[in-house]
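# Reading the structure
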Amino acid sequence: MKVWIDQDLCTGDGLCEEISPAVFTLLDDGLAYVVEGDKVFNDPGGAEGKAEIPDAELEGVIESAEECPGECIFIEAE
């Protein structure tokens, strides 16, 4: 499963990072981005920045998507 964020919809609330910090991070621009290991997909533009969801983080990623006020987190099955 993969996850990506549409930065055009992101409110910068930070709930995703709070719920699943291994997968999400907020950068200096105040927007959330996905993380895969040491790589931050910090080039806004949508689905090109898909990160693999570690099995241990799947529940947190789903919760983040459900709680996101901007509804900007997208989860895709491979």
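Parameters at a glance
As a convention, each chain's residues are numbered from 1 in the sequence order in which they are written. The model is predicted, so local features are restricted to residues of pLDDT at least 70 and side-chain atom pairs to those at 80 or more, both for listing and for counting; the totals for chains, interfaces and linings are taken over all residues. Excluding hydrogens and water, the side-chain values take into account all heavy atoms of the structure. By definition, two strands form a pair when at least two bridges between them are found by DSSP. By definition, any uninterrupted DSSP run of H or I lasting at least four residues is a helix, any uninterrupted run of E lasting at least two residues is a strand, and each is numbered from the N terminus. Axis geometry follows a simple rule: fit a line to the C-alpha atoms, using only the stretch in contact for helices, then measure angles between N-to-C directions, giving values from 0 to 180 degrees. The rule is short: rings of Phe, Tyr and Trp, with Trp giving its six-membered ring, pair when the centres are within 6.5 Å, and they are stacked under 30 degrees, edge-to-face over 60, tilted in between. Residue exposure (1.4 Å probe, protein chains only): buried if accessible area is under 20% of the type maximum, exposed if over 50%, otherwise partly exposed. Residues enter a nonpolar core if they are buried and are Ala, Val, Leu, Ile, Met, Phe, Trp, Tyr or Cys, with the set joined through side-chain atoms within 4.5 Å. Residue contacts are counted whenever heavy atoms from the two residues lie within 4.5 Å of one another. Each salt bridge in this description consists of a side-chain nitrogen of Lys or Arg and a carboxyl oxygen of Asp or Glu lying within 4 Å of one another.

### Description of the sheet that holds strand 2 (residues 24-26)
Taking strand neighbours across the sheet as the criterion, the three strands line up as 2-3-4 in an open arrangement whose pairing is antiparallel. Among the strands making up the open sheet, the edge pair consists of strand 2 and strand 4 (39-41). Strand after strand, the sheet turns through a mean of 40° between neighbouring axes, direction not considered. Here strand 2 runs beside strand 3 (residues 32-36); their pairing, made up of three bridges, is antiparallel. The residue of strand 3 that forms the bridge with F24 is V34.

### Some remarks on the packing of aromatic side chains
Under the criterion given, the structure shown has one aromatic pair. Arranged with centres 4.6 Å apart and planes meeting at 20°, the rings of W4 and F74 form a pair that is stacked. Of this pair, W4 sits in strand 1 (residues 2-5) while F74 sits in strand 6 (residues 73-76); the two residues are 70 residues apart in sequence, bridging distant segments of the chain. According to the relative accessible area criterion, W4 is buried, its value standing at 12%.

### Describing the nonpolar core
Grouped burial of nonpolar side chains is what soluble globular proteins tend to show. By size, the foremost hydrophobic cluster in this structure holds 15 residues, and its most contacted members are V3, I5, F24, V34, V61, C72 and I73. Contributing elements (two or more residues each) for this core: strand 1 and strand 3.

### Brief notes about the sheet that holds strand 6
Hydrogen bonds along the backbone pair up the strands of a sheet, which may run parallel or antiparallel. Strand order in this open sheet of three strands is 5-1-6, and the pairing throughout is antiparallel. The sheet is open, and its two borders are formed by strand 5 (51-52) and strand 6, each paired with just one other strand. Note: strand 1 against strand 5, two bridges, orientation antiparallel. Bridge pairing in strand 5 links V3 to A51. Along the sheet, helix 2 (residues 58-67) contacts strand 1 and strand 6; its crossing angle with strand 6, the most-contacted strand, is approximately 135°.

### Re the pattern of salt bridges
Overall, the coordinates contain two salt bridges when judged by the stated rule. Salt-bridge contacts for E76 lead to K50; the nearest nitrogen and oxygen are separated by 2.7 Å. On the criterion of sequence distance, the pair formed by E76 in strand 6 and K50 in the loop between strand 4 and strand 5 is long-range, its members being 26 residues apart. According to the relative accessible area criterion, K50 is partly exposed, its value standing at 27%.

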